[in-house]
Structure formats: C-alpha cells, structure tokens
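# Fold and contact review
The primary structure of each chain is shown beneath.
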Amino acid sequence: MPRIKLIAGNWKMYKTPDQTRDFFHHFLPLVTHHDRDEILICPPFVDLHAALESAEGTNVMIGSQNIHWANEGAFTGEISPLVLQAIGVTHAIIGHSERRQYFGETDDTVNLRLKNALEAGLTPIVCVGEVLEEREAGLTEDVLRRQCTRAFHKVSTKKADKLVVAYEPVWAIGTGKTATPQMASDAHALIRGEAAQTFGHEFADKLRILYGGSVKPENAKALMSEPEIDGALVGGASLEPKSFAAIVHY
Ligand code: 13P
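These notes cover the structure that comes with them.

### Quick word on the overall build of the chain
- Helix and strand counts for the chain stand at 11 helices and 8 strands.
- Taking 250 residues into account, the globule formula puts the C-alpha radius of gyration at 18 Å, and the chain, at 17 Å, falls close to it.
- Looking at the chain as a whole, 54% of its 250 residues are labelled buried.
- Within the chain, contacts between residues separated by at least 24 positions form 73% of all contacts whose residues are at least 6 apart in sequence.

So, in structure tokens, the structure goes:
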C-alpha cells in the first residue's frame, strides 16, 4: 500500500483570525477536488476557530503547533489535547526546532507530549532535525537517532498508530536552503530504520515521514517524487494561498 502524502502548513506566529478567513477564502477553491494527498494547516491557537469554521466540510484538516503532556492543570500558556479535540483539531506538531531552540523543548518533553497526543487520539507530527554545526561535524545520524529514540521511548506500537514524523534540518528552515532530495531521502531512511527498531518493520513501512525546510512550489516536485518522502511541512510558503496550493499540486 503506497503511503498517502500529507502536505502540511505550519503558519508559526503569523496571521490574525480575519487573515485566516481570508486565506481559506482564496485557498479552498484551489484545492477543492484534490484527493491525492491529505492537506493540513496549523495556525496559531487563536486562529484555530476561524480556520476550523472556514475549513468545515472540506478536504483541509486543522492542527495545532504544540500540545501539552497533561490534560489539564496549572500550566500557564500551554494547550490541552482535550481542548484541541473539543473544537475539532485533529493534528498537533510536537518538538518543532523553534520550540527546541527558543522555548526549552527537550527530547524528554517531546516524548511526554507525544504520549499524551496519542492517548488523546490526535495525530502527532514529531519534528526532528540537525543544526548546521551537527551536519558539518558529521553528527547528523547520531542526532536523528537520539531524537527518535528518546521521542519514541516507551511508546507502544499499538498506541503509535497515528504517528507522523517530520525531518526538518534546522539549517534549511527559513533560509531558502533546501536539503537535496537525496539528503532528505537518506535522513528519512535512517528515521524509518529507527522506527523499525522501536515499532517493527510493518509499522515503519506505513510510517509517514514529511520533509520540512524551505519547501517551495519550485522544489516541491523533486522532493515529493522521492519514495522515502511522504509529504511536506511547509512554513513560509504556506502563508500564501497560491503558493501553498502549488505545493499541494506539486
Ligand atoms: P520554512 O518552510 O519557512 O523553511 O519553514 C519550515 C518549517 O519550519 C515548517 O515547520
């Protein structure tokens, strides 16, 4: 069974609710009949309602950019999976490099968030990826292995069913530098190998691994043509309806 690709937009800290509605007004007609790939948008929390209302009954799903490891409690500024589910959110990005870099996210907190997202029945998109110094020092494989092993720690194969992984080399995020299809493919194969070790080969064969890092309409086809690449996690180019639609239609 071929893996269905997931084309996901991570809006990061961009757009107001009105801008969100405007995006969907222009974006939805461009992807109305598209059923080859799954389409997902992850806006800021405050825009989730506008996004869910705009996308209701369409082929576009809505995800969050983070999720907490508890269902409720004294965790100022965090977001509960129960709250996300109550409003119709289906996916959650976990461990994005910007969370790791600026907000103290660690491999262990990624693991905690992943477990709770799976428990809640949400589809987690766990981000991994090396920084430039690590790549230049030949440490890419070690870093990806460590990030995967720790993220997957004590997650059962049965529970992991909905897991999605995104390989986002940090040096390619927002820089206009993309990993070559071959570089991405090699990293994805390594991640799939780690998943096979933890969850078994059958699971790993079905696991979707997205590529993220300066995906644009111009390079989407070459990246998405790699058998190891099961979709994209798009930052900047997902903010504009025409460019994100062009990536969806790669
Ligand atoms: P850019 O597509 O802007 O490089 O961002 C990638 C990313 O971080 C998606 O999560």
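From this point on, the discussion continues.
### Quick look at the packing of helix H1 (residues 17-31) against helix H11 (residues 241-248)
- Relative orientation of the contacting elements H1 and H11 amounts to 30°, with a least axis distance of 9 Å. By the angle between their axes, H1 is roughly parallel relative to H11. Read as a crossing pair, H1 and H11 show a hand that is right-handed. Across from Phe23, His26, Phe27, Leu30 and Val31 in H1, the residues of H11 making contact are Pro241, Lys242, Phe244, Ala245 and Val248.
- Classifying every residue of the contact of H1 with H11 by side-chain character gives 8 nonpolar, 1 polar and 1 charged.

### Overview of a nonpolar patch on the surface
- A cluster of nonpolar side chains, Trp69, Phe75 and Leu112, forms an exposed patch at the surface whose accessible area comes to about 250 Å².
- Mapped onto the elements, tryptophan 69 comes out in the loop between strand E3 (60-64) and helix H3 (81-87).

### Comments concerning the nonpolar core
- Counting 66 residues, the largest nonpolar core has Phe24, Phe27, Val60, Phe152, Leu163, Tyr211 and Phe244 as the members making the most contacts within it.
- In terms of residues, this core owes the most to one element, helix H8 (residues 181-199), which gives 7 residues.
- What valine 60 contacts, discounting residues up to four positions off in sequence, is Phe24, Phe27, Leu28, Val31, Ile39, Ile41 and Ala55.

### Details of the site of the ligand
- What surrounds the ligand is a group of 13 residues, the closest being Lys12, His96, Gly174, Ser214 and Gly236.
- Between histidine 96 and the ligand, the recorded distance is 2.8 Å, taken from a side-chain N or O atom to an oxygen atom.
- Here glycine 235 contributes a backbone N or O atom positioned 2.9 Å from an oxygen atom of the ligand.
- When the ligand sits alone it has 310 Å² of accessible area, and the protein chains cover 96% of it.
- Residues of the shell around the ligand, tallied by class, amount to 4 nonpolar, 7 polar and 2 charged.

### Points about the packing of aromatic side chains
- If you walk through the whole model with that rule in mind, you get 9 aromatic pairs.
- Pairwise contacts between aromatic rings join Trp11, Phe23, Phe24, Phe27 and Phe244 into one cluster.
- In this structure, lysine 15 is placed above the aromatic ring of tryptophan 11, and the distance from its NZ or CZ to the ring centre is 5.2 Å.
- The ring centre of tyrosine 250 lies 3.8 Å from the NZ or CZ of arginine 36, which sits over that ring.

### Looking at unusual backbone geometry
- For lysine 12, which is not glycine, the phi dihedral falls at a positive 55°.
- With respect to the helices and strands, the residue lysine 12 is situated in the loop between strand E1 (6-10) and H1.
- Backbone geometry at serine 214 places phi at a positive 55°, although glycine is not the residue there.
- Mapped onto the secondary structure, serine 214 falls in the loop between strand E7 (208-212) and helix H10 (217-224).

### A word on the environment of leucine 112
- Residue placement: leucine 112 occurs in helix H5 (residues 107-120).
- Judged by relative accessible area, which is 37%, leucine 112 ranks as partly exposed.

### Some words on H8
- Under the 1.5 Å per step criterion, the end-to-end length of H8 is 26 Å for 19 residues, consistent within 8% with the ideal 27 Å.
- In the core, the buried residues of H8 are packed alongside strand E5 (123-128), helix H7 (140-151), strand E6 (164-167), helix H9 (201-206), E7 and H10.
- At the exit of H8 stands glycine 200, carrying a positive phi of roughly 95°.

### Considerations on the pattern of salt bridges
- Applying the stated rule across the entire model yields 16 salt bridges.
- Residue glutamate 98 is joined to lysine 12 by a salt bridge in which the shortest nitrogen-to-oxygen separation is 2.8 Å. Here lysine 12 lies in the loop between E1 and H1 and glutamate 98 lies in helix H4 (residues 97-102), a separation of 86 residues in the sequence.
- On the accessibility criterion, glutamate 98 (23% relative accessible area) is partly exposed.
- Within the structure, one salt-bridge network assembled from shared partners comprises Arg3, Arg192, Glu228 and Asp230.

Here is what the cut-offs are and how they apply
- Residues numbered from 1 in each chain as written.
- Predicted model: local features only at pLDDT ≥ 70, side-chain atom pairs only at ≥ 80, totals over all residues.
- Heavy atoms only, no water.
- Helix = DSSP H or I, 4+ residues; strand = E, 2+ residues; numbered from the N terminus.
- Rg over C-alpha atoms; globule rule 2.2 N^0.38 Å.
- Buried < 20%, exposed > 50% of the residue type's maximum accessible area, 1.4 Å probe, protein only.
- Contact = heavy atoms within 4.5 Å.
- Axes fitted to C-alpha atoms, helices over the stretch in contact; angles between N-to-C directions.
- Parallel < 35°, antiparallel > 145°, perpendicular 65-115°, else oblique.
- Left-handed = near helix turned anticlockwise from the far one by under 90°.
- Nonpolar A, V, L, I, M, F, W, Y, C, P; charged D, E, K, R; others polar.
- Patch = residues over 30% accessible without salt bridge, like charges linked within 9 Å, V, L, I, M, F, W, Y side chains within 5 Å.
- Areas by Shrake-Rupley, 256 points an atom, 1.4 Å probe, with all protein chains shown as cover.
- Salt bridge = Lys/Arg side-chain N within 4 Å of Asp/Glu carboxyl O.
- Core = buried A, V, L, I, M, F, W, Y, C linked by side-chain atoms within 4.5 Å.
- Near = heavy atom within 4 Å.
- Polar contact = N/O pair within 3.5 Å; in protein donor to acceptor, adjacent residues only side chain to side chain.
- Phe/Tyr/Trp six-rings, centres within 6.5 Å; stacked < 30°, edge-to-face > 60°.
- Lys NZ or Arg CZ within 6 Å of the ring centre and 35° of its normal.
- Expected span 1.5 Å × (residues − 1).

From the geometry alone we can't say anything about function, so treat these as descriptive.
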